[in-house]
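# Chain and residue survey
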Amino acid sequence: MCCKPNYQRVGLLERYKEFLPITDKTPALSLMEGSTPLIPLTKISAKISPNITLYAKFEGMNPTGSFKDRGMVMAIANAVEIGSKAVICASTGNTAASAAAYSARAGLTCGVILPAGEVALGKVSQSMMHGAKVIAIDGNFDDALTIVKEITQKYPITMVNSLNPYRIEGQKTGAFEICDTLGEAPTYHAIPVGNAGNITAYWKGYKEYFEKGIIDRLPKMIGFQAAGSAPIVEGHPILEPNTIATAIRIGNPASWKKAEAARDESMGLIEKVTDEEITEAQKLLASTEGVFCEPASAASVAGVIKKAKEGFFKEKCSIVCILTGHGLKDPQRAMAICDPFINAKNDLDEVAKILNLK
Ligand SMILES: *Cc1c(COP(=O)(O)O)cnc(C)c1O
């Protein structure tokens, strides 16, 4: 008997090189990001509508546990290519974790600016382990981004927030993967919206596949913000954004106009979901589908459930929800929303009783 075929996957810069800004001088940087699973959500779709075939693109399966790796591998490779020695980002946590990991691998110095007290534990620990210089400011994400924008104009340090176009280029590969897996674009693409780089990137990716004739229709982009942090929905910046979904706690998105363009060109929508709806969706995903995502990610599924209840999906359709990050990023939040575990004596009878076996 021979061994099984080797399913070693390749990283994104290799897999989609003809669609990416890669030159002879771009380093072959990779942590084997991308190629994330597209998981059918049969329980949830059965519950909400017979019309819907629902999938989750589980971006929590990327090397640092969020979709940020798609853009970061491209942005860090480019930083190396242009001779940069140091990078910096403002972050609600996942951009920082990803920047720190890819900087470590590429040998760059990495600075991350976080809003103090607003970043989930798992994410901070990643940045620290990967050796980034972690700075927590007494301000929110929008303040952190302002500092980063100004510092990169004054000093020789490269910004790796999604204002860096290489981030968007890398992130658009998520759309390619969905189409490559389904053989077409889904009818709807549901996605959480924070700084709005991801909805921008996915829309760019779908359009590129469409223009090349690889797919023959485009999806409708349906984006969801958290109710306490929904500047695009409200039509003005939110000075003190608030939501338990810390990854989308952003009051003045950098790619605001591009997100609106994605919405309008695709004839989609951007709406809001409450923290309760987000929490309910997060628990439903974990307890009925076996998929543990972080709160911000669940906004996509919460939005689809809400729209299904309103009767929005009238015809047979497919929907892909982007689950942007892994649930283990924010274990404190998970513990807080579940029933407490049971403490028991070291005793078989007592344990059997608690399990209703006796
Ligand atoms: C960054 C992030 C978002 C928001 O993405 P944007 O591109 O800022 O809109 C959503 N969920 C998670 C888990 C994230 O890390």
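Anyway, here's the lowdown on the structure attached to this text. Because the structure is predicted, anything quoted here is derived from the model rather than measured. (Residues numbered from 1 in each chain as written. Predicted model: local features only at pLDDT ≥ 70, side-chain atom pairs only at ≥ 80, totals over all residues. Heavy atoms only, no water.)

This next bit is on the site of the ligand. Inspection of the region around the ligand gives 16 residues, with Lys68, Asn94, Asn195, Asn198 and Thr324 positioned closest. Residue Gly197 places a main-chain N or O atom 3.2 Å away from an oxygen atom belonging to the ligand. Within the backbone of Asn198, an N or O atom sits 2.8 Å from an oxygen atom of the ligand. Calculation on the ligand without its partners gives an accessible area of 380 Å², and the protein chains cover 96% of this total. Listed by contribution, the elements that provide at least two residues to the shell around the ligand are helix 9 (197-211) and helix 13 (295-309). Of the residues contributing to the shell around the ligand, the split by class is six nonpolar, eight polar and two charged. (Near = heavy atom within 4 Å. Polar contact = N/O pair within 3.5 Å; in protein donor to acceptor, adjacent residues only side chain to side chain. Areas by Shrake-Rupley, 256 points an atom, 1.4 Å probe, with all protein chains shown as cover. Helix = DSSP H or I, 4+ residues; strand = E, 2+ residues; numbered from the N terminus. Nonpolar A, V, L, I, M, F, W, Y, C, P; charged D, E, K, R; others polar.)

Of all five residues in strand 7 (residues 188-192), five are buried; the element is thus mostly enclosed. Here strand 7 shows a buried face lined by Tyr188, Ala190 and Pro192 and a second buried face lined by His189 and Ile191. Of the strand pairs in this sheet, strand 7 and strand 8 (residues 220-226) are connected by five bridges, and their pairing is parallel. By the bridge assignment for strand 8, Tyr188 is matched with Lys220. The handedness of the strand 7 to strand 8 crossover, carried by helix 9, is right-handed. As paired strands, strand 7 and strand 10 (residues 317-323) are joined by three bridges and run parallel to one another. (Buried < 20%, exposed > 50% of the residue type's maximum accessible area, 1.4 Å probe, protein only. Pairing = 2+ DSSP bridges. Right-handed = clockwise from strand over helix to strand, strands pointing away.)

What follows covers helix 4 (residues 94-106). For helix 4, with 13 residues, the first-to-last C-alpha span of 18 Å sits near the 18 Å given by 1.5 Å per residue. The buried count for helix 4 comes to 10 of 13 residues, which makes it a mostly enclosed element. Turning to helix 4, its buried residues are Asn94, Thr95, Ala96, Ala97, Ser98, Ala99, Ala100, Ala101, Tyr102 and Ser103. The secondary structure elements touched by the buried residues of helix 4 are helix 3 (68-81), strand 3 (86-90), strand 4 (109-115), helix 5 (121-129) and helix 7 (165-171). (Expected span 1.5 Å × (residues − 1). Contact = heavy atoms within 4.5 Å.)

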